[in-house]
Number of protein chains: 2
Amino acid sequence: MGWTERVVAHLADEGHRLTGPRRAILDYILRYSVPFTSEELIADLQKAGVHVGRATVYRTLELLHNYQWLSLVHRPEGEHGYVVAEPGHQHHLVCRRCGMVTAFQGCEIESLLGGLAERLNFRIEGHWLEAFGVCRGCQRANNERV
Amino acid sequence: MGWTERVVAHLADEGHRLTGPRRAILDYILRYSVPFTSEELIADLQKAGVHVGRATVYRTLELLHNYQWLSLVHRPEGEHGYVVAEPGHQHHLVCRRCGMVTAFQGCEIESLLGGLAERLNFRIEGHWLEAFGVCRGCQRANNERV
DNA sequence: AGTGTAGTGATACAAAATATCAAAAAGATT
DNA sequence: AATCTTTTTGATATTTTGTATCACTACACT
Ligand SMILES: [Zn+2]
Ligand SMILES: [Zn+2]
Ligand SMILES: [Zn+2]
Ligand SMILES: [Zn+2]
C-alpha cells in the first residue's frame with residue numbers, strides 16, 4: 001500500500017470526501033523529487049493541463065500538512081517547500097545541490113535538550129530539526145567533474 | 001561593546017556605509033523582545049515617526065541576516081521572524097505563549113547526526129534546530145491563573 | 001434517483017515582496 | 001571645504017503570494 005492509498009484511506013476515515021481535484025493533486029505530488037511550493041504546484045498542474053483551482057491547491061496542501069502527510073522543509077534558496085511524509089516525528093536531510101530530501105526517524109534530541117531545558121527553566125514541547133548537506137548522488141557527480 | 005557597535009564596526013569592515021536609515025533600524029531593532037517581521041518593523045517605524053523607506057527596511061534586514069547579525073525563527077503562529085543574533089552556530093528556544101526567544105550554544109547534534117550521515121552516505125554541512133515550549137515566565141503566569 | 005453537505009473555483013481582494021531609477025548622501029580625494 | 005565617485009535611498013509601479021466570498025458542483029449515503 002503506497003503513500004497515496006494510505007492518504008486516501010486516512011482522509012476517508014476522517015470524514016473527508018475523495019474528490020477529483022484531490023485525487024489529481026495527490027497523484028501529481030508524487031512526481032516531485034524535491035520540495036515544492038503551492039505556487040509551483042499550481043503552475044505545474046496548469047502546464048500539465050490539469051485543471052484545478054488555485055484556492056483548492058492551497059486548501060488541499062494545507063489539509064495534507066495538517067495531517068502530516070506533507071512536511072515543510074527549508075529549501076536551499078531559503079523558502080519553505082512541501083515534501084511527502086508519514087505522520088509522526090520525522091526529520092529531513094536536504095541536499096544543497098539538487099534539493100533532494102531524505103527523511104529519517106529515530107530522534108535522540110529530546111534527551112539532548114532535556115538538560116538544557118532544566119537549566120533554563122524552559123518546558124520544551126517540541127522541536128524542528130533539519131540538516132543540510134550534499135547527497136550521495138551529488139557527491140559522486142562532483143567527484144567525476146573534478 | 002554592545003550588539004549595535006559590533007554590527008557597525010563589522011559593516012564598516014566589509015565596506016558598507018553607515019547611513020542614517022541603517023542607524024535608525026539598528027537602534028529600533030533592539031526594542032523587540034520577540035521576533036519581528038519586515039512588515040512589522042516598517043509599521044512600527046512609521047508609528048514611531050521614523051521615516052525609512054519600505055525597500056530600505058527589506059534591504060537592511062536582508063543584509064544583517066546575511067552576516068548573521070539577525071537569525072530567522074519560526075514564530076508560534078507559523079511565519080518567520082527575525083531576532084538579533086551573534087554570528088556563529090546558534091539555536092533558539094521559542095516560547096509558544098509569549099514568543100520570547102532564548103538563544104543557546106553548545107551543540108552536540110553534530111555527533112548525533114554523524115552516524116546517520118555515514119549510514120546514508122550524506123555529507124552533512126550544517127543544520128537548523130529550533131525548540132518550542134513554554135518559557136519560565138509563562139509557566140509561572142499559568143500556574144497563578146490555575 | 002434524491003438529498004444534504006463538503007468541496008470547488010471564478011473573482012475579487014489583501015498582503016508581502018521585488019524592480020526601477022532619479023535623487024540624495026557617505027566617504028574618499030584633493 | 002569643495003569636489004567627485006559610488007553606494008544607498010525611497011517613491012512608485014509591479015509582481016507574487018495568499019485569503020475571502022459565495023453561487024455552484026459533485027460526493028457519499030440512503
Ligand atoms: Zn543532491
Ligand atoms: Zn526530533
Ligand atoms: Zn513565554
Ligand atoms: Zn547545532
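Residues numbered from 1 in each chain as written. Chains lettered and ligands numbered in written order. Predicted model: local features only at pLDDT ≥ 70, side-chain atom pairs only at ≥ 80, totals over all residues. Heavy atoms only, no water.

## A closer look at the interface of chain B and chain A
With 32 residues of chain B at the contact, the number on the chain A side is 32 residues. Of the charged contacts in the structure, one is a salt bridge between Glu-125 of chain B and Arg-96 of chain A, with a shortest N-O distance of 3.0 Å. Counting across the interface, chain B meets chain A through 16 residue pairs in polar contact (both at pLDDT 80 or more). Mapped onto the side of chain B that touches chain A, the elements with two or more residues apiece are β3 (91-95), β4 (101-104), α5 (109-120), β5 (123-134) and α6 (136-145) of chain B. Residue contributions to the side of chain B that touches chain A peak at 12 residues, all from β5 of chain B. Residues of the side of chain B that touches chain A, tallied by class, amount to 17 nonpolar, 8 polar and 7 charged. (Contact = heavy atoms within 4.5 Å. Salt bridge = Lys/Arg side-chain N within 4 Å of Asp/Glu carboxyl O. Polar contact = N/O pair within 3.5 Å; in protein donor to acceptor, adjacent residues only side chain to side chain. Helix = DSSP H or I, 4+ residues; strand = E, 2+ residues; numbered from the N terminus. Nonpolar A, V, L, I, M, F, W, Y, C, P; charged D, E, K, R; others polar.)

## Notes on the domain arrangement of chain A
Residue and element names in this part refer to chain A. Partitioning chain A into structural domains gives domain 1 (1-87) and domain 2 (89-146). Put simply, the middle of domain 1 and the middle of domain 2, counted by C-alpha atoms, are 23 Å apart. Residue-level contacts link 12 residues of domain 1 with 12 residues of domain 2. A combined buried area of about 900 Å² lies between domain 1 and domain 2, and 62% of that area is made up of carbon and sulfur atoms. The tally of links between domain 1 and domain 2 comes to 0 salt bridges. At the level of secondary structure, the elements contributing two or more residues to the side of domain 1 that touches domain 2 comprise β1 (70-74) and β2 (80-84). Ranked by residue count, the leading element in the side of domain 1 that touches domain 2 is β1, at 4 residues. (Domains from an automatic or database assignment. Buried area = accessible area lost by both parts, 1.4 Å probe.)

## What to know about helix α5 (residues 109-120) of chain A
Between its first and last C-alpha atoms α5 of chain A spans 17 Å; for 12 residues at 1.5 Å apiece the expected length is 16 Å, and the two agree. Of all the positions in α5 of chain A, only Ile-109, Leu-113, Leu-116 and Ala-117 of chain A are classed as buried. For α5 of chain A, the angular spread of the buried residues around the axis is 105°, confining them to a single face. Along α5 of chain A, the residues that are exposed and aim more than 90 degrees away from the buried face are Ser-111, Glu-118 and Arg-119 of chain A. The inward-facing, buried residues of α5 of chain A abut β3 (91-95) and β5 (123-134) of chain A together with β3, β4, α5 and β5 of chain B. Two residues or fewer after α5 of chain A comes Asn-121 of chain A, characterised by a positive phi angle close to 60°. (Expected span 1.5 Å × (residues − 1). Buried < 20%, exposed > 50% of the residue type's maximum accessible area, 1.4 Å probe, protein only. Arc of directions from axis to C-beta.)

## Digging into the packing of helix α2 (residues 20-29) of chain A against helix α4 (residues 54-66) of chain A
Residue and element names in this part refer to chain A. Packing of α2 against α4 brings their axes to within 10 Å, and their N-to-C directions diverge by 70°. Relative to α4, the element α2 is oriented roughly perpendicular. In terms of crossing hand, the pair formed by α2 and α4 is right-handed. Of the residues in α4, those in contact with Pro-21, Arg-22, Ile-25, Leu-26 and Ile-29 of α2 are Thr-56, Val-57, Thr-60, Leu-61, Leu-63 and Leu-64. Among the residues forming the contact of α2 with α4, the class breakdown is 8 nonpolar, 2 polar and 1 charged. (Axes fitted to C-alpha atoms, helices over the stretch in contact; angles between N-to-C directions. Parallel < 35°, antiparallel > 145°, perpendicular 65-115°, else oblique. Left-handed = near helix turned anticlockwise from the far one by under 90°.)

## Some remarks on the protein's contact with DNA strand C
The immediate surroundings of DNA strand C are formed by 15 residues, with Thr-19, Arg-22 and Arg-59 of chain A together with Arg-17 and Tyr-58 of chain B found nearest. What you see for DNA strand C is that sugar and phosphate hold 62% of its atoms within 4 Å of the protein. In the environment of DNA strand C, a base oxygen lies 3.0 Å from a nitrogen or oxygen atom belonging to the side chain of Arg-17 of chain A. Within the surface near DNA strand C, the residues separate by chemical class into 4 nonpolar, 5 polar and 6 charged. (Near = heavy atom within 4 Å.)

## Examining the protein's contact with DNA strand D
By nearness alone, 16 residues border DNA strand D, and Tyr-58 of chain A together with Arg-17, Thr-19, His-51 and Arg-59 of chain B come closest of all. Each atom of DNA strand D within 4 Å of the protein was assigned to sugar, phosphate or base; sugar and phosphate come to 68%. One of the side-chain N or O atoms of Tyr-58 of chain A is found 2.6 Å from a phosphate oxygen in DNA strand D. Between DNA strand D and Arg-17 of chain B, the relevant distance is 2.9 Å, taken from a base oxygen to a side-chain nitrogen or oxygen of the residue. Secondary-structure elements contributing two or more residues to the surface near DNA strand D are α4 of chain A together with α2 (20-29) and α4 (54-66) of chain B. Residue classes in the surface near DNA strand D are distributed as 4 nonpolar, 6 polar and 6 charged.

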